[in-house]
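Chain residues, written in single-letter form:
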Amino acid sequence: MNKIKISAVSYTNSKPFVFGLMHSGILNQIDLSLDIPSECAHKLISNQVDIGLVPVAALLEIPDYKIISSYCIGATGPVDSVFIFSNKPIGEVNTIKLDEQSRTSNNLAKVLLKNYWNLSPKIVDDGPADAFVQIGDRTFGKKNEYAYRYDLAEEWQKFNGLPFVFAVWAANKVIHDNFLLDFNAALKYGLDHRNVVIEQLPSRENFDFGDYLTNKIDYRLDHKKLEALSTFHQFIREL
Ligand SMILES: C=C(O[C@@H]1C=C(C(=O)O)C=C[C@H]1O)C(=O)O
């Protein structure tokens, strides 16, 4: 039987999912790779994998995608790992760099700049910039390194009161129902064993992994997050 190819995000926020998949009965049916989010997106769009924990911005490039799980990488308030960092207040930012590892948060930054802050700084690829977007583990402990930091899930919530969803489990083809049941059971197992995952992480003075994986990342793709997802997609289309 052909294995089901899966790309999951290589960041700490996905470790509970990966733990669940590694300790599940479907391990011998899957071919799992861990990738930065932009690569997860690329692999699902180009059909190198069947299922991805895919940045939601990339769904717009996948014809007939299917969201196959009620778990996601989301947040209800500050997420603590997706920021615009700057030494100037946002209103004085003239140039901004995006994060090449991101698809969703780069678009979230653009949506908030345009619609919430009413700003249009120049997006620069190289050279110095007044501000930059950064996501994932590279942001851990960096909050106090810059005079200004904007948690983009928190700013989105201030903007329209909604939670946010960064990545969802999606497929680019029909996947067998039996497999999906086992797959979702594995994800649930991982989330239910978050304490084991947290114990295995190193302790850091300037970042609380327990708080991050328990309170900041919100893994439930409930109807409010689905509403946030379609609202976000509409804003991206209007950019
Ligand atoms: C909250 C996060 O969500 C991530 C952000 C993504 C993006 O910006 O494209 C994609 C996947 C998520 O892992 C994070 O990694 O810090």
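Everything quoted here is computed from the prediction, not taken from an experiment.

Calculation notes
Per chain, residue numbering runs from 1 following the sequence as it is written. Per-residue local features are limited, in this predicted model, to residues with pLDDT of at least 70; the limit for side-chain atom pairs, both in listing and counting, is 80 or more; totals at the level of whole chains, interfaces and linings are taken over all residues. Helix and strand labels come from DSSP, where a helix needs a run of H or I of at least four residues and a strand needs a run of E of at least two; each type is numbered from the N terminus. Both definitions apply: the radius of gyration is a C-alpha atom measure, and the globule rule equals 2.2 Å times residues to the power 0.38. Counting other C-beta atoms within 10 Å of its own, a residue is labelled buried from 20 upward, exposed at 12 or fewer, and partly exposed in the gap between, with every C-beta atom placed from the backbone. Once C-beta atoms are placed from the backbone, any two residues with those atoms within 7 Å are in contact. Strand pairing follows a simple DSSP-based rule, namely that at least 2 bridges must link the two strands. A fitted line through C-alpha atoms serves as each axis, taken over the contacting stretch for helices, and the angle formed by two N-to-C directions is quoted from 0 to 180°. Nearness between a residue and a molecule or strand is assessed with a C-beta atom placed from the backbone; a distance within 6 Å qualifies. In this classification, Asp, Glu, Lys and Arg are treated as charged, Ala, Val, Leu, Ile, Met, Phe, Trp, Tyr, Cys and Pro as nonpolar, and every other residue, Gly included, as polar. Domain start and stop positions are those given by an automatic or database domain assignment.

K.L.:
Explain the overall build of the protein chain to me, please; I cannot follow it from the model alone.
P.N.:
For the protein chain, the helix and strand inventory stands at 8 helices and 11 strands. For the protein chain, the C-alpha radius of gyration of 18 Å lies close to 18 Å, the compact-globule estimate for 239 residues. Considering the protein chain as a whole, with its 239 residues, one finds that 38% of them fall into the buried category. The contacts in the protein chain between residues at least 6 apart in sequence include a share of 86% that link residues at least 24 apart.

K.L.:
Would you take a moment to explain the sheet that holds strand 3 (residues 51-55) for this structure?
P.N.:
Neighbouring strands of a sheet are bound in pairs by backbone hydrogen bonds; such pairs are parallel or else antiparallel. In spatial order, the strands read 2-1-3-10-4-11; together these 6 strands make up an open sheet with mixed pairing. Single-partner strands in this sheet number two, and they are strand 2 (30-35) and strand 11 (218-220). The average undirected angle you get between the axes of adjacent strands in this sheet is 25°. By the bridge criterion, 6 bridges tie strand 4 (residues 66-75) to strand 10 (residues 164-171) in an arrangement that is antiparallel. By the bridge assignment for strand 10, Ala75 is matched with Phe164.

K.L.:
Explanation requested: the site of the ligand in the structure shown.
P.N.:
The full set close to the ligand counts 17 residues, and Pro37, Pro55, Ser81, Ser102 and Ser105 are the nearest of them. Mapped by element, the contributors of at least two residues to the shell around the ligand are helix 3 (104-115) and strand 10. Residues that form the shell around the ligand fall into these classes: 10 nonpolar, 6 polar and 1 charged. In terms of domain composition, the shell around the ligand takes at least three residues from each of domain 1 (4-74 + 164-224) and domain 2 (82-160).

K.L.:
Which parts of the structure should I look at to understand the domain arrangement of the protein chain?
P.N.:
A common way to report how large an interface is uses the accessible area buried once the components associate. Domain boundaries in the protein chain define domain 1 (4-74 + 164-224) and domain 2 (82-160). Placing the centre of domain 1 and that of domain 2 at their C-alpha centroids yields a distance of 24 Å. Counting residues at the interface gives 16 residues for domain 1 and 13 residues for domain 2.

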